[in-house]
Amino acid sequence: QVQLVESGGGLVQPGGSLRLSCAASGGVFAIYAMSWYRQAPGKQRELVATITDTLNTNYADSVKGRFTISRDNAKNTVHLQMNSLKPEDTAVYYCHADNYRTIGDNYWGQGTQVTVSS
């Protein structure tokens with residue numbers, strides 16, 4: 001079992017920055033593809049960014065050029081650097097770990113709220 005704990009959310013003005021962190025424990029962190037998802041009120045959860053075990057990255061079109069995902073396998077953490085934030089980035093952000101080699105070996109964090117407002 002892998003436990004994921006997100007941190008770093010908060011209230012920020014439009015154009016500002018936040019850095020989300022996700023700390024993992026209980027598994028071999030390096031084998032997991034790590035992703036950030038978000039869910040705004042009344043909307044479906046959507047994929048924001050992924051970084052694989054081989055450090056390949058992928059971003060939603062809406063955040064390309066503004067968000068950067070990174071991982072530190074020595075510290076079992078994944079980060080999401082969010083710059084040039086917009087009100088439409090307001091959502092609960094969730095960390096997700098996926099060992100795609102094993103069916104069902106995937107986990108969610110509890111989420112952290114990001115609010116972009118003046």
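Residues numbered from 1 in each chain as written. Predicted model: local features only at pLDDT ≥ 70, side-chain atom pairs only at ≥ 80, totals over all residues. Heavy atoms only, no water.

## Focus: the pattern of salt bridges
Thinking step 1. Throughout the structure, instances matching the rule amount to five salt bridges.
Thinking step 2. Residue Arg 101 is joined to Asp 53 by a salt bridge in which the shortest nitrogen-to-oxygen separation is 2.5 Å. With Arg 101 in the loop between strand 9 (91–98) and strand 10 (106–108) and Asp 53 in the loop between strand 5 (46–51) and strand 6 (57–59), this residue pair connects regions lying 48 residues apart in the sequence.
Thinking step 3. For Asp 53, a relative accessible area of 18% translates into the label buried.
Thinking step 4. A salt bridge links Arg 66 to Asp 89; its shortest N-O distance comes to 2.8 Å. Of the two residues, Arg 66 sits in the loop between strand 6 and strand 7 (67–72) while Asp 89 sits in the loop between strand 8 (77–82) and strand 9, which places them 23 residues apart along the sequence.
Thinking step 5. Each member of the salt-bridge network shares a partner with another, and the members are Arg 38, Glu 46, Arg 66 and Asp 89. (Salt bridge = Lys/Arg side-chain N within 4 Å of Asp/Glu carboxyl O. Helix = DSSP H or I, 4+ residues; strand = E, 2+ residues; numbered from the N terminus. Buried < 20%, exposed > 50% of the residue type's maximum accessible area, 1.4 Å probe, protein only.)

## What about the state of the cysteines?
Thinking step 1. Going through the model one piece at a time under the given rule, you end up with one disulfide.
Thinking step 2. A sulfur-sulfur separation of 2.1 Å characterises the disulfide bridge that pairs Cys 22 with Cys 95. Residues Cys 22 and Cys 95 share a disulfide whose torsion about the S-S bond is about -85 degrees; that sign makes it left-handed. Of this pair, Cys 22 sits in strand 3 (residues 18–25) while Cys 95 sits in strand 9, and the two are 73 residues apart along the sequence. Grouping residues by exposure puts Cys 22 and Cys 95 together as buried. (Disulfide = S-S within 2.5 Å.)

## Some points on the pairing of strand 8
Thinking step 1. Of all the six residues making up strand 8, five are buried; the element is thus mostly covered by neighbouring parts of the structure.
Thinking step 2. In this structure, strand 3 lies alongside strand 8, joined through six bridges in antiparallel fashion. Considered in strand 8, the bridge of Ser 21 is made with His 79.
Thinking step 3. Here strand 7 pairs with strand 8 via six bridges, running antiparallel. (Pairing = 2+ DSSP bridges.)

## A few points about the packing of aromatic side chains
Thinking step 1. In this structure the tally under the stated criterion is three aromatic pairs.
Thinking step 2. Between the aromatic rings of Tyr 94 and Trp 108, the centroid separation amounts to 6.4 Å while the plane-to-plane angle is 90 degrees, which identifies the pairing as edge-to-face. With a gap of 14 residues between them, Tyr 94 in strand 9 and Trp 108 in strand 10 connect regions that are remote in the sequence.
Thinking step 3. Looking at Tyr 94, the relative accessible area reads 13%, which means it is buried.
Thinking step 4. Owing to a relative accessible area of 38%, Trp 108 belongs among the partly exposed residues under this scheme.
Thinking step 5. An aromatic cluster is present here, built from Tyr 37, Tyr 94 and Trp 108 joined pairwise through their rings.
Thinking step 6. The aromatic ring of Tyr 94 is capped on one face by Arg 45, whose charged end is 3.7 Å from the ring centroid. (Phe/Tyr/Trp six-rings, centres within 6.5 Å; stacked < 30°, edge-to-face > 60°. Lys NZ or Arg CZ within 6 Å of the ring centre and 35° of its normal.)

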